[in-house]
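Each chain is listed here by its residues.
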Amino acid sequence: MAYKFKAEQATTVLNEITYQVGRTGAITPVANLEPVLLAGTTVKRASLHNADQIAKLDVRVGDTVFVEKGGEIIPKIIGVDFTKRSVDSLPTEYITHCPECGTELIRKEGEAQHFCPNDTGCPTQITGRIQHFISRKAMDIEGMGSETVELLFKEGLISDYADLYTLTKEQVIPLERMAEKSAENLVNGVAASKAIPFERVLFALGIRYVGETVAKKLAKAYKNIDALMIASHEELIAVDEIGERIADSVIKFFSEPTNLEIVERLRSYGLQFSLSEEQLENQTDKLKGQTFVVSGVFETISRNDLKKLIEDNGGKVASSISSKTSFVVAGDNMGPSKKTKAESLGIPIISEQEFMEKL
Ligand SMILES: [Zn+2]
């Protein structure tokens, strides 16, 4: 049982609804509020999530709204004080066109979010993709921030992330707030990113639904981008934790000529599009098709290292025993319920030494 603090609430006036465009074209409505003190901070903006949420709350400009701040950083509007609504208030009409590029928005069957379909021409989507590409968990380009990306784009020096690799110091120096030193840092930072490993390059490409973890799984399963590019839907969903949605998105990304062209350009600039020798060296398919459950404390290896060893050799690690389990690797103090379950299902229990011999 756990006690939780009730989220703090406040009331304020909704001044305006604006719309943000994300790097994938997703539109997020944002409530701009009369500043109000809530849970120790001044709140001026709150998320409205999507058109359904606005309709559900029947929230309108000029309304007095209840704002709540739970565990999240961004506060949300949880309701409207209808007693304070003016008689001439009109229902909110959701935008029909992209606020950044004017393209008509689309909404796919079963999706809550509206999208700007102009992914190659919508400026916010273009800079958003480049900003994602240079971010710390992706290519981690030193000497470059989000504002620099916007500036470089505005000045016509870059129009996609591959353009970063042809930037010269001479092009960058004349820009606002750029000195010789910072221009040099920027160009060096871009050059240094060529050593970033394949799985992070894959994440940096910004394929929808391919986050850090998925990128790692795909890099490991396919080992290089050429194999991934030609992977079929069936092959993709056969990879651990890759579902229909991700498979469709990967196939769509690599079916677009502009994306293929960008990948080829990046390759020609020397980015990593396959796992390194070192990463490949310790990987085999020895345990392919086998699922392991690891339980207890081990003598010569930590539990996490043991799991990694299984995965590096093509095996799968599961957290609970089922009829699909091939082996239980048991250390000291294996859980008694796990032992009973393995025995009742007739799943072989092997020791750490037996596992190592098997490998
Ligand atoms: Zn747009």
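What you see is a predicted model; the values in this text were computed from it and never measured.

Colleague: An account of the nonpolar core is needed here, citing residue identities and associated values.
Modeller: Core analysis: the largest hydrophobic core is formed by 54 residues, its most contacted members being Phe133, Leu164, Leu202, Leu218 and Leu266. Those elements that place two or more of their residues in this core are α2 (123–134), α3 (146–154), α5 (180–192), α6 (198–204), α7 (212–222), α8 (225–229), α10 (244–255) and α11 (257–268). Taken domain by domain, the makeup of this core includes at least three residues from each of domain 2 (123–195) and domain 3 (203–279). Filtering out sequence-adjacent residues up to four positions away, Leu266 remains in contact with Phe133, Tyr161, Ala162, Tyr165, Leu205, Leu271 and Phe273. Counting residues in hydrophobic clusters, the runner-up holds 26 residues, among them Val21, Ala31, Val36 and Tyr94.

Colleague: For the environment of Leu90, give the residues involved together with the corresponding values.
Modeller: Residue placement: Leu90 occurs in the loop between β5 (76–80) and α2. Leu90 sits 102 residues away from Ala192 along the chain, and the two C-alpha atoms are 55 Å apart.

Colleague: Mind laying out the pattern of salt bridges, listing which residues take part and the relevant values?
Modeller: Taken as a whole and assessed by the stated rule, the structure comprises 21 salt bridges. The partner of Glu256 in a salt bridge is Lys252, with the nearest N and O atoms 3.5 Å apart. The salt bridge involving Arg267 is made with Glu264; its shortest N-O contact spans 3.1 Å. Separated by 3 residues within a single helix, Arg267 and Glu264 lie in helix α11, roughly one turn from each other.

Colleague: Summarise the coordination of the zinc ion; cite the residues concerned and give the values.
Modeller: Every protein donor of the zinc ion is accounted for by Cys98 (SG), Cys101 (SG), Cys116 (SG) and Cys122 (SG), and the metal-donor separations fall at 2.2 to 2.4 Å. The site at the zinc ion holds 4 donor atoms, and with the angles between them running 100 to 116°, its shape is tetrahedral. All donors of the zinc ion belong to a single chain; written as a sequence motif, their spacing is C-x2-C-x14-C-x5-C. Highlighted residues: Cys98 in the loop between β5 and α2 and Cys122 in the loop between β5 and α2, separated in sequence by 24 residues. You can call Cys122 buried: its relative accessible area is 0%.

Colleague: Break down the layout of surface pockets for me, citing the residues and quoting the values.
Modeller: Here the largest pocket is characterised by a volume of approximately 1,200 Å³. The wall of the largest pocket is formed by 34 residues, among which Lys217, Lys220, Ala221, Gln283 and Glu311 lie closest to the centre. For the lining of the largest pocket, the secondary structure elements donating two or more residues are α7, α9 (233–238), α12 (277–281), α13 (303–312) and β7 (316–318). When residues in the lining of the largest pocket are grouped by element, the largest group, 7 residues, is from α7.

Colleague: So what's going on with the sheet that holds strand β8 (residues 327–330)? Which residues, and what values?
Modeller: Spatial strand order, β7-β6-β8-β9: 4 strands in an open sheet with parallel pairing. Both outer strands of the open sheet, β7 and β9 (349–351), are each paired with one neighbouring strand and no more. Geometrically, the sheet is characterised by an average inter-axis angle of 35° between neighbouring strands, direction not taken into account. Across 3 bridges, the pairing between β8 and β9 is parallel. Bridging across to β9, Val328 finds its partner in Ile349. Taken strand by strand, α13 contacts β6 (291–295), β7 and β8, and its axis lies near 175° from that of β6. Set on the sheet, helix α14 (residues 336–345) makes contact with β6, β8 and β9; between it and β9 the angle comes to about 125°.

Criteria and thresholds
Throughout, a residue's number is its position along its own chain's written sequence, starting from 1. A pLDDT threshold of at least 70 governs which residues receive local features in this predicted model, and a stricter bar of 80 or more applies before side-chain atom pairs are shown or counted, although totals over entire chains, interfaces and linings include all residues. Side-chain numbers here rest on the full set of heavy atoms in the structure, without hydrogens or water. Definition used in this section: a nonpolar core is a set of buried Ala, Val, Leu, Ile, Met, Phe, Trp, Tyr and Cys residues joined via side-chain atoms within 4.5 Å. For the exposure calls, accessible area comes from a 1.4 Å probe over protein chains only, and a residue counts as buried if that area is under 20% of its type's maximum, exposed if over 50%, partly exposed in between. Each helix corresponds to a stretch of at least 4 residues labelled H or I by DSSP, and each strand to a stretch of at least 2 residues labelled E; elements are numbered beginning at the N terminus. Each domain's extent was defined by an automatic or database domain assignment. We call two residues in contact whenever any of their non-hydrogen atoms come within 4.5 Å of each other. Whenever Lys or Arg places a side-chain nitrogen within 4 Å of a carboxyl oxygen from Asp or Glu, that contact is recorded as a salt bridge. Only N, O and S atoms count as donors, using a 2.8 Å limit from the metal and a wider 3.2 Å limit for Na, K and Ca, and since water is excluded some coordination spheres may look unfilled. Angular criteria define each label, namely tetrahedral for four donors with all angles between 85 and 135 degrees, square planar for four and octahedral for six donors with opposite donors over 155 degrees apart and remaining angles between 65 and 115, and irregular for whatever fails these tests. The method works on a 1 Å grid over the protein atoms by themselves. A cavity is a set of points holding a 1.4 Å probe that cannot get out, a pocket is an open set with protein on both sides within 12 Å along at least five of seven lines, and residues with an atom within 4 Å of a point line them. Grid points are joined across faces, edges and corners, and a volume is the space filled by probe spheres set on the points. For two strands to pair, DSSP has to find at least two bridges joining them. For helices, the axis comes from a line fit to the C-alpha atoms of the stretch in contact; other axes are also lines fit to C-alpha atoms, and the angle between any two N-to-C directions lies between 0 and 180 degrees.

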